[in-house]
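This is what each chain is made of:
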There are 2 protein chains.
Amino acid sequence: MNYAIASDIGATNLRVGLVDTKGVLEQKQEYPTPQNDPNEVISLLYKAIERLDFNGKNIAGIGLGVGGLVNYEQGIVEYTPNFSFNNINLKDILTKRFKMPVYVDNDANAAALGEKIYGAGKGTKNLVCLTLGTGIGGGIIINDSLYRGTTSAAGEIGHMTIQTGGPLCGCGNDGDLEALAGGRALDKEAREVAQKHKDSLIFRLAEGKIERVNGALVTKAALQGDELSNELLKEHAKLLAVGLANIVNILDPDIIVLTGGMAEAGNLLLQPAKDILKKRVFADSTRVPKVVYGALGPDAGILGAAALVFEQSVK
Amino acid sequence: MNYAIASDIGATNLRVGLVDTKGVLEQKQEYPTPQNDPNEVISLLYKAIERLDFNGKNIAGIGLGVGGLVNYEQGIVEYTPNFSFNNINLKDILTKRFKMPVYVDNDANAAALGEKIYGAGKGTKNLVCLTLGTGIGGGIIINDSLYRGTTSAAGEIGHMTIQTGGPLCGCGNDGDLEALAGGRALDKEAREVAQKHKDSLIFRLAEGKIERVNGALVTKAALQGDELSNELLKEHAKLLAVGLANIVNILDPDIIVLTGGMAEAGNLLLQPAKDILKKRVFADSTRVPKVVYGALGPDAGILGAAALVFEQSVK
């Protein structure tokens, strides 16, 4: 049983591959995620898995990380905020089709496990992973195991309110971490700034089209030394740091691993966030854990999905 | 080994007693906590423990819950915000004097363990305990064990920011749960209201002395049906609920147990907090855990301190 079939199903991309126990990803396939019809997602999964070449490989099972709220015990994807795939028992469906063990978890949980076993969190015991993309997901590892909570909903760190009365999140809460420090928030701030500064590098990189302005361009401009963009990232880092400090004050982990698209901002985001975190940690600033970007890039989720299989099949 | 010597050392009171494995507290003593001299605290502890009658009892060890940041592994009280007792290795000191095993932990951790083993949390697996007193402490139990974190500082839930830019806490953070929903915050709001409403019941209960107005009088007035006080508690409940929702979204526990002085407000505080919590929980309001007051009242800490001994001595 030296391989797992692994899939990372996000709002944008659906990836499928084979992963060996050492975390080597083979036969990677990537498709745009069908947005509106869950059956299309399932058909695509079938096809992608059936295209894999299993020749000479022992397969331990199928692991999936899905961008939504997942009931791990039952294998049900309960709620996907960013594409249509609600209340589907993916475990049952895939078990019937492929006759092997299937494990389904939240994609941030999978990323946490991936980084813990194969990436930046190797050797740590208590790890928190934040996926900084359009939204903000979270995965919590305690005493070397994923902590899923009582109803399989732990780790929704993006929906922790850090500014009561602040901007509304898609989840309905006001001023949560995702609404303030998520990718969508940066997109919005970027457009506001570009609107005011038509001579800015951000606006030029967007070829003068306000609808093209987004967080990714802010990062691009900041990396080219643009001061305005750098300031935007710093403001963003401040709010992120409030969230990081809350995590430290509640969970006191060894390490916080940041994954997702925003990692491209590198130290322009990370350094100011770490500086502020230090000031907000309770009682003693030497108590700050390591805060690093993930080592697996966009593969954290798919490698973690494989780890979901291995952690069960070795038991 | 059927008894533990237990002590709960808070900023106001120091309690000492003998507790049996079933959680029966005997020979309870209570003293005002010496405020400024750590040596007086230690002398008082010596005297109180030596006054206990051990006749015919097997003592498994000494357990202590202290109102501050405690390094559990080393038994060091690192930082006590509300009385003077910083950087003292209480474990070493008491082990030398009494020649038996000594366990020192944060008082909210002890209360969490007390409620889990002997109180409102019996039979639960993942429990969060909030001590709602002058400040707000927290204790986290995961998979039936206290979760202390990597540097023994987990559970500082009172210092989680819920309103960036909000009022300053003693810890230096702005808008944390303690600064907004702690007892001191209610005291302050009560004085502001009493100042404006000299004909209010709160002001009359304080015999017209503004310096006597505090949160306890708000509770007393609200319990007598005073609408103004009830409104104050409702506003307080709103902020508390933001903190509770953050706990649920991050930790997804079976139960949240509220202990400490604010419990006296009963349903006038709890019901509005639960109503708002329901709205703030991610994705599904049926996912709300039980939120209850502790069953042990002010004895949660001392019973939990005893449980610190029993959980180790049975291993």
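Conventions adopted
Residues numbered from 1 in each chain as written. Chains lettered and ligands numbered in written order. Predicted model: local features only at pLDDT ≥ 70, side-chain atom pairs only at ≥ 80, totals over all residues. Heavy atoms only, no water. Helix = DSSP H or I, 4+ residues; strand = E, 2+ residues; numbered from the N terminus. Rg over C-alpha atoms; globule rule 2.2 N^0.38 Å. Buried < 20%, exposed > 50% of the residue type's maximum accessible area, 1.4 Å probe, protein only. Least-squares fit on C-alpha atoms with pLDDT ≥ 70 in both. Contact = heavy atoms within 4.5 Å. Buried area = accessible area lost by both parts, 1.4 Å probe. Salt bridge = Lys/Arg side-chain N within 4 Å of Asp/Glu carboxyl O. Polar contact = N/O pair within 3.5 Å; in protein donor to acceptor, adjacent residues only side chain to side chain. Nonpolar A, V, L, I, M, F, W, Y, C, P; charged D, E, K, R; others polar. Pairing = 2+ DSSP bridges. Domains from an automatic or database assignment. Disulfide = S-S within 2.5 Å. Phe/Tyr/Trp six-rings, centres within 6.5 Å; stacked < 30°, edge-to-face > 60°. Lys NZ or Arg CZ within 6 Å of the ring centre and 35° of its normal. Expected span 1.5 Å × (residues − 1).

**Some remarks on the overall build of chain A**
- Secondary structure summary: chain A contains 10 helices and 13 strands in total.
- For chain A, whose C-alpha radius of gyration is 20 Å, the value lies close to the compact-globule estimate of 20 Å for 315 residues.
- With the C-alpha coordinates of chain A rotated into their principal frame, the extents come out at 55 × 45 × 35 Å.
- Every one of the 315 residues in chain A was classed for burial, and the buried ones make up 60%.

**What about the relation of the copies chain B and chain A?**
- When chain B is fitted to chain A, the best match, at an RMSD of 0.0 Å, comes from turning it 180° and sliding it 0.0 Å along the axis. Both copies are brought into coincidence by an operation consistent with a two-fold rotation axis.
- When the interface residues of chain B are mapped onto chain A, 100% of them again fall at the interface, so both copies present the same face.

**Points about the interface of chain B and chain A**
- Residue-level contacts link 39 residues of chain B with 39 residues of chain A.
- Of all residues in chain B, I250, F282 and R287 of chain B give up the largest surface area on contact with chain A, accounting jointly for 20% of the area buried on that side.
- At the boundary of chain B and chain A, one finds four salt bridges.
- Taking the shortest distance from any N to any O, the salt bridge between D174 of chain A and R280 of chain B comes out at 2.7 Å.
- Here chain B is connected to chain A by 36 residue pairs in polar contact (both at pLDDT 80 or more).
- When contributions to the side of chain B that touches chain A are tallied by element, the ones reaching two or more residues are β6 (76-79), β10 (136-142), α8 (227-251) and α9 (267-280) of chain B.
- With five residues, α8 of chain B is the largest single contributor of residues to the side of chain B that touches chain A.
- Residue classes in the side of chain B that touches chain A are distributed as 17 nonpolar, 13 polar and nine charged.

**Regarding the sheet that holds strand β9 (residues 127-132) of chain B**
Residue and element names in this part refer to chain B.
- The strand order β11-β10-β9-β12-β13 describes an open sheet built from five strands, whose pairing is mixed. A single partner strand is all that each edge strand has here, and the edge strands are β11 (145-146) and β13 (290-293).
- As paired strands, strand β12 (residues 255-259) and β13 are joined by four bridges and run parallel to one another. Bridging from a neighbouring strand, L258 pairs with Y293 of β13.

**Let's talk about the domain arrangement of chain A**
All names here are of chain A.
- Along its sequence, chain A is carved into domain 1 (3-116 + 298-313) and domain 2 (123-294).
- Look at where the C-alpha atoms of domain 1 and domain 2 centre, and you get two points 26 Å apart.
- Of the residues lining the interface, 16 residues belong to domain 1; the matching set on domain 2 comes to 20 residues.
- Taken over both partners, the interface formed by domain 1 and domain 2 buries close to 1400 Å², and the fraction arising from carbon and sulfur atoms is 55%.
- A salt bridge links R148 to E311; the shortest N-O distance between them is 3.4 Å.
- Where domain 1 packs against domain 2, one counts seven residue pairs in polar contact (both at pLDDT 80 or more).
- Listing elements by their share of the side of domain 1 that touches domain 2, those giving two or more residues are β5 (69-71), β8 (102-106), α3 (107-118) and α10 (300-313).
- Broken down by element, the side of domain 1 that touches domain 2 gets its largest block of residues, seven residues, from α3.

**What about the pairing of strand β2 (residues 13-20) of chain A?**
All names here are of chain A.
- Of all eight residues in β2, seven are buried, a share of seventy percent or more.
- Bridging between strand β1 (residues 3-9) and β2 involves seven bridges; their strand directions are antiparallel. Residue pairing in the sheet places S7 in a bridge with V16 of β2.
- Connecting β1 to the next strand, β2, in antiparallel fashion are three residues.
- Note that β2 and strand β3 (residues 25-32) share six bridges and pair antiparallel. Each residue of the ladder has a partner; that of N13, found in β3, is P32.
- Counting the residues between successive antiparallel strands, the hairpin from β2 to β3 contains four residues, one of them, G23, with a positive phi of roughly 90°.

**A look at the state of the cysteines**
- Enumeration according to the criterion identifies zero disulfides over all chains in this entry.
- The closest cysteine sulfur to the non-disulfide-bonded C169 of chain A is located on C171 of chain A, 3.8 Å from its own sulfur.
- No disulfide involves C129 of chain B; its sulfur sits 18 Å from that of C169 of chain B, the nearest cysteine.

**Examining the environment of E78 of chain A**
- Along the polypeptide, E78 of chain A turns up in strand β6 (residues 76-79).
- Once the C-alpha coordinates of E78 of chain A and N89 of chain A are considered, the two residues, 11 residues apart in sequence, prove to be 8.4 Å apart.
- With near-sequence residues (within four places) excluded, E78 of chain A lies in contact with L69, V70, N71, N86 and N87 of chain A together with R287 of chain B.

**A closer look at the packing of aromatic side chains**
- Applying the stated criterion to the full structure yields six aromatic pairs over all chains.
- With centroids separated by 6.0 Å and ring planes inclined at 75°, the aromatic side chains of Y46 of chain B and F98 of chain B adopt a geometry described as edge-to-face. With Y46 of chain B in helix α1 (residues 38-51) and F98 of chain B in helix α2 (residues 90-98), this residue pair connects regions lying 52 residues apart in the sequence.
- Using a relative accessible area of 18% as the deciding quantity, one classes Y46 of chain B as buried.
- Judged by relative accessible area, which is 15%, F98 of chain B ranks as buried.
- Arranged with centres 6.3 Å apart and planes meeting at 25°, the rings of F83 of chain B and F85 of chain B form a pair that is stacked.
- Residue F85 of chain B is classed as buried on the basis of its relative accessible area of 1%.
- The ring centre of Y46 of chain A lies 3.9 Å from the NZ or CZ of R97 of chain A, which sits over that ring.
- Stacked on the ring of Y72 of chain B, the Lys or Arg R148 of chain B has its end atom at 3.4 Å from the ring centre.

**Let's talk about the pattern of salt bridges**
Residues and elements named next belong to chain A.
- Within the structure shown, the criterion is met by 30 salt bridges over all chains.
- The salt bridge partner of K116 is D144, with a shortest N-O separation of 2.7 Å. Residue K116 is located in helix α3, and its partner D144 is located in the loop between β10 (136-142) and β11 (145-146); the two are separated by 28 residues in the primary sequence.
- Measuring nitrogen to oxygen at the nearest pair gives 3.9 Å for the salt bridge that ties E231 to K234. Separated by three residues within a single helix, E231 and K234 lie in helix α8 (residues 227-251), roughly one turn from each other.
- Note on K234: relative accessible area 36%, which makes it partly exposed.

**Quick notes on helix α3 (residues 107-118) of chain B**
Residues and elements named next belong to chain B.
- Between its first and last C-alpha atoms α3 spans 16 Å; for 12 residues at 1.5 Å apiece the expected length is 16 Å, and the two agree.
- Counting buried positions over the 12 residues of α3 gives 10, a clear majority of the element.
- Listing the buried residues of α3 in full gives A108, N109, A110, A111, A112, L113, G114, E115, K116 and Y118.

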